[in-house]
Amino acid sequence: MNSNPSLIDITKNDDLINIQQNKEWLNITFKNIFPIYMIKTNISDINSILYLSNESQWKIFPKNIIVNQNSENYLLLKEAFIINALKIKTNPSNIKIYIKKHTNIFLASLGGGWGDRILALLNAMYLSKHTGFKFGYAWKKLHIDNFINIEDEYYVFSKKFIQNFSYTQNSNIKINYSNTPNYNQYNSYNNTKSIFSCYYTNHWTFCKKSTFLKEGKKIFSQIEFSSHINDIIKQSKNTFKVNFNKKKVIAIHIRSGDIIFGERRSEWFYFHEEKSMPIEIALYLIQKNKNNTIILFGEDESSLKKIILYYQTNSNIKIYLAKDFIPKNLHNKTDIDIFEIIFMSNCKKIYSFSGFARLASIIGNQKEPIAWSKLFNYHKKFEILNNFNSIIDTDPLYKSFYLFNLFIFAKNINKPDLFLIKILDQALKFDQNNILLKLILIKYNMRDKNFKNAENISLEIKSQKEQIIKIYKLWKEKNIFLEDDMDYNILQIYPNLSYIILLRDLTHEYIHNLDFFNNNFALNKNFIEEYNQLEKIKDKYRKNLYTIKKSLYYKIGNKILNEKNIIKKVKIFLALYHKIKNSNYLNSIQECGTNPLLSKKEAFAYTLGKEIFAINHKSFSKKVKTIKLMLKCHKF
């Protein structure tokens, strides 16, 4: 039994375990948490072997795990126990501990809505299939107001599925976490040096996505749901077949929920194009697909019924509400969601890019759904919102969401600031507690030189520091708050506005105006904590600046940059290219990242050096781009 080539004896591996002997017991402590497959010992009495799990109390293994073969005793644990330590009445020479050769695992632990977590689970199962690694999941109940209610794993999955694949009770597993690296070449995982590695999957990074989409439907069918959930799945399929058999049905998912109506909508507006859909866009899509049968999905039942009534009254469009097909005996939100996901998965075309719609499309059509945000440019989006506005009377919070979208689209087609401010003022009338709208208004009032109004808004929100920072962090990549040419000196007479700008600069690590806060507010007790944090960030960049200027990337880029003769630049480049092509320099250079303390010229030098060193790994067209980049040096 111990000759199994797929098992590894780790008993003498000091990097993994620590063994100590006293008069009565052999004490074994594991330095990492990894699944034990089998223990070979000379002991037949199960009471002489104790193990310590996540709890502080020593436990005895079940009797049925001891197997005797060829006069030797084996504890067949089969990775079913979480073991931190062992106590055995024996000596070191009489024990061997085995793990499987490949105990790497792809694990899904996202804790969002149905689409997010089930797609992550499908991803883990898919990667497991193609790598030979294990897969598992961790599950957490989720309740958000009246919008999301996902039951625990015992409600959703079969007992067998839970027993085989659940890591929910393992305290070492991170819930709602993703760390999966770029696995475009998944076979490389088989060469991992780690004994136990846990790769947390997500719902947006896929290995060979076309293959995943092709296999997603079949993999979904391999999930062992509870008998109750399986009954709902069958019921949903049959209901769709009875009502829409052989008809080309279009699904439009008007996702609203917590994004529009939740308490954290100031943060969730971030997903206004990615996951949600303005009603005006839905009205346009209905007109576009008027010759097909259409089913509307969404949480805002009141607005959806108004859309249905409008088209039933004013057109011959065959349009239905998905909720009208839900059986009367289904009341639990988990049951209703599962029914609607399966119902939507039977539609031939799905408009939306919510996690809900993505899951339905992948398990039904074996492809991603149609993301409305990618169908139109900003001019068209702005036009649609204007043309279809006021057809349906909606909730005040929805009106605010509509105006926010209108602002974003107007901003991207360069509408004047006064026009944008007017839109934001209107949006705020419908949602007076929306911090995001107020932060954007602060920026545009400052651009309009209306500092007094910006100061008043800042006074209203300055106590909500935590939420302000969350919003600034969320929107950091989209860069809608920073102003490069802002005159900080004007802030001296506006302390509340200055505090909001300090929070903004702190979140964006925008350190160029640290001296302003130092000279004007360093002794202000309301600013001390944030100012000190910003000072620490600047110290971090000062140290990093030294590292950058010592790096080979910077030195090479700077050398080419400072050479004024183009012919000599080319000669330096060719000499470098020949050297790089025949060496392994790239793997030995440490990445230094970006640094705001670098001048534009210094940043260009670092980037140029980095591009040149990576040239051997580029396609021909990208090599040409790198050479063009080098020849642009004369601009500095």
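Residues numbered from 1 in each chain as written. Predicted model: local features only at pLDDT ≥ 70, side-chain atom pairs only at ≥ 80, totals over all residues. Heavy atoms only, no water.

Student: Can you walk me through the overall build of the chain in this structure?
Tutor: On a plain count of helices and strands, the chain comes out with 25 helices and 19 strands. Looking at the chain as a whole, 52% of its 636 residues qualify as buried. For the chain, the computed accessible surface area is about 31900 Å², with 48% contributed by carbon and sulfur atoms. (Helix = DSSP H or I, 4+ residues; strand = E, 2+ residues; numbered from the N terminus. Buried < 20%, exposed > 50% of the residue type's maximum accessible area, 1.4 Å probe, protein only. Areas by Shrake-Rupley, 256 points an atom, 1.4 Å probe, with all protein chains shown as cover.)

Student: I'm lost on helix H18 (residues 495-507) in this one. Help?
Tutor: Two residues of an α-helix separated by three or four positions point the same way, owing to the 3.6 residues in each turn. The end-to-end C-alpha separation of H18 is 18 Å, in line with the 18 Å expected for 13 residues at 1.5 Å each. All of the buried residues in H18 are Asn496, Leu497, Ser498, Tyr499, Ile500, Ile501, Leu502, Leu503, Arg504, Asp505, Leu506 and Thr507. The first or second residue beyond H18 is Glu509, which carries a positive phi of 50°. (Expected span 1.5 Å × (residues − 1).)

Student: Looking at this model, I keep getting lost on the environment of Glu263. Mind explaining?
Tutor: Take Glu263: it is sitting in the loop between helix H6 (257-261) and helix H7 (265-268). Linking Glu263 and Asp145, residues 118 residues apart in sequence, is a C-alpha distance of 8.7 Å.

Student: Looking at this structure, how should I read the sheet that holds strand E17 (residues 293-297)?
Tutor: Strand pairing in a sheet takes place through backbone hydrogen bonds and is either antiparallel or parallel in direction. Taken in spatial order, the four strands line up as E18-E17-E16-E19 in an open sheet, and their pairing is parallel. Two strands close off the open sheet at either side, each with one partner strand: strand E18 (319-321) and strand E19 (349-351). Sheet twist, expressed as the average angle between the axes of neighbouring strands with direction ignored, equals 25°. As defined by bridge partners, strand E16 (residues 249-253) adjoins E19 across three bridges and the pair is classed as parallel. (Pairing = 2+ DSSP bridges. Axes fitted to C-alpha atoms, helices over the stretch in contact; angles between N-to-C directions.)

Student: Before we go on, may I ask you to explain a nonpolar patch on the surface in this structure?
Tutor: Taken together, Ile566, Val570 and Leu574 make up a surface patch of nonpolar side chains, about 240 Å² in accessible area. Structurally, Ile566 can be placed in helix H22 (residues 566-581). Overall, Ile566 belongs to the partly exposed group, its relative accessible area being 46%. (Patch = residues over 30% accessible without salt bridge, like charges linked within 9 Å, V, L, I, M, F, W, Y side chains within 5 Å. Salt bridge = Lys/Arg side-chain N within 4 Å of Asp/Glu carboxyl O.)

Student: When you look at the pairing of strand E2 (residues 17-21) in this model, what are you seeing that I'm missing?
Tutor: Pairing geometry for E2 and strand E3 (residues 26-30), over five bridges, is antiparallel. Bridged to Gln20 within E3 is Asn27. Linkage of E2 to E3, two consecutive antiparallel strands, is achieved through a turn of four residues.

Student: Looking at this structure, how should I read the sheet that holds strand E15 (residues 198-201)?
Tutor: If you trace the three strands from one edge of the open sheet to the other, you get E12-E11-E15, paired in parallel fashion. In this open sheet, the two strands that pair with only one neighbour each are strand E12 (134-137) and E15. Averaged over all neighbouring strand pairs, the angle between strand axes comes to 30°, with direction disregarded. Relative to E15, strand E11 (residues 105-108) is paired through four bridges, and the arrangement is parallel. Looking at the pairing, Ile105 lines up with Cys198 of E15.

Student: Even after reading the chapter, I still don't get the side chain of Ser373, so can you show me in this structure?
Tutor: The residue Ser373 is located in the loop between helix H11 (355-364) and helix H12 (378-387) in this model. Dropping the residues within four chain positions of it, Ser373 is found in contact with Glu273 and Lys381. (Contact = heavy atoms within 4.5 Å.)

Student: So what exactly am I meant to see when it comes to the packing of aromatic side chains here?
Tutor: The relation between two aromatic rings is expressed through the spacing of the ring centres and the mutual angle of the planes. Inspection of the entire model under this criterion finds 38 aromatic pairs. The interplanar angle of 55° and the centroid separation of 5.5 Å between the aromatic rings of Phe220 and Phe225 together place this pair among those described as tilted. For the residue pair Phe220 and Phe225, the accessibility class agrees, reading buried in each case. One aromatic cluster is present, built from ring pairs that chain together Trp114, Phe135, Tyr137, Trp139, Phe157, Phe161, Phe165, Phe220 and Phe225. The lysine or arginine in question, Lys87, covers the ring of Trp58, its NZ or CZ lying 5.1 Å from the ring centre. Between the NZ or CZ atom of Lys415 and the centre of the ring of Phe419, over which it lies, the distance is 5.7 Å. (Phe/Tyr/Trp six-rings, centres within 6.5 Å; stacked < 30°, edge-to-face > 60°. Lys NZ or Arg CZ within 6 Å of the ring centre and 35° of its normal.)

Student: Would you take a moment to explain the pattern of salt bridges for this structure?
Tutor: It is possible for side chains bearing opposite charge to pair when their charged atoms get close. Within this structure, the stated rule accounts for 22 salt bridges. Put simply, Lys96 and Asp9 hold a salt bridge, and the shortest N to O gap is 3.5 Å. In this pair, Lys96 is assigned in strand E10 (residues 95-100) and Asp9 in strand E1 (residues 7-9), connecting sequence segments 87 residues apart. Here Lys96 falls in the partly exposed class, since its relative accessible area comes to 29%. Here Glu267 makes a salt bridge to Arg264, at a shortest N to O gap of 2.8 Å.

Student: Is there a simple way to think about the pairing of strand E5 (residues 49-52) in this case?
Tutor: Alternating residues of E5 divide into Ile49 and Tyr51 and Leu50 and Leu52, and every residue in both groups is buried. Note: E5 against strand E9 (residues 85-88), four bridges, orientation antiparallel. Bridging across to E9, Leu50 finds its partner in Lys87. Examined bridge by bridge, E5 and strand E6 (residues 58-60) share three bridges and lie antiparallel to one another. Within E6, the residue paired with Leu50 across the bridge is Ile60.

Student: Honestly, the packing of helix H16 (residues 451-461) against H18 in this entry has me stumped. Any pointers?
Tutor: Relative orientation of the contacting elements H16 and H18 amounts to 70°, with a least axis distance of 7 Å. When the axis of H16 is compared with that of H18, the two are roughly perpendicular. When you trace H16 past H18, the crossing you get is left-handed. Residues Phe451, Ala454, Glu455, Ser458, Leu459 and Ile461 of H16 pack against Pro495, Asn496, Leu497 and Ile500 of H18. In terms of residue class, the contact of H16 with H18 is made up of seven nonpolar, two polar and one charged. (Parallel < 35°, antiparallel > 145°, perpendicular 65-115°, else oblique. Left-handed = near helix turned anticlockwise from the far one by under 90°. Nonpolar A, V, L, I, M, F, W, Y, C, P; charged D, E, K, R; others polar.)

Student: Can you walk me through the side chain of Lys438 in this structure?
Tutor: Within the secondary structure, Lys438 is located in helix H15 (residues 435-447). Within the structure, the side chain of Lys438 is placed 3.0 Å from the side chain of Glu460, a separation counted as a polar contact. When residues no more than four places from it in sequence are discounted, the contact partners of Lys438 are Leu428, Gln432, Ile457, Glu460 and Ile461. (Polar contact = N/O pair within 3.5 Å; in protein donor to acceptor, adjacent residues only side chain to side chain.)

Student: Is there a simple way to explain unusual backbone geometry in this structure?
Tutor: The phi torsion of most residues other than glycine is negative, and most of the peptide bonds are trans. Positioned with a positive phi, Ser390 is a non-glycine residue whose angle comes to about 75°. Relative to the elements of secondary structure, Ser390 occurs in the loop between H12 and helix H13 (396-412). The class for Ser390 is exposed, based on a relative accessible area of 61%. Phi is positive for Lys449, close to 65°, though the residue is something other than glycine. You can call Lys449 exposed: its relative accessible area is 63%.

Student: Help me understand the nonpolar core in this model?
Tutor: Membership of the largest hydrophobic core comes to 87 residues, with the highest contact counts inside it found for Ile252, Leu296, Ile307 and Leu439. At 10 residues, the largest contribution of residues to this core is made by H13. Membership of the second largest hydrophobic core comes to 62 residues, among which are Leu122, Leu127, Phe212 and Ile223. (Core = buried A, V, L, I, M, F, W, Y, C linked by side-chain atoms within 4.5 Å.)

Student: Is there a simple way to explain the environment of Asn365 in this structure?
Tutor: Summarising the element assignment, Asn365 is placed in the loop between H11 and H12. The contacts of Asn365, once residues within four sequence positions are left out, are Ser345, Cys347, Lys348, Lys349, Ile350 and Ala360. Side-chain polar atoms of Asn365 contact the backbone oxygen of Cys347, separated by 3.0 Å.

Functional significance is not addressed by these values, which are geometric in nature.
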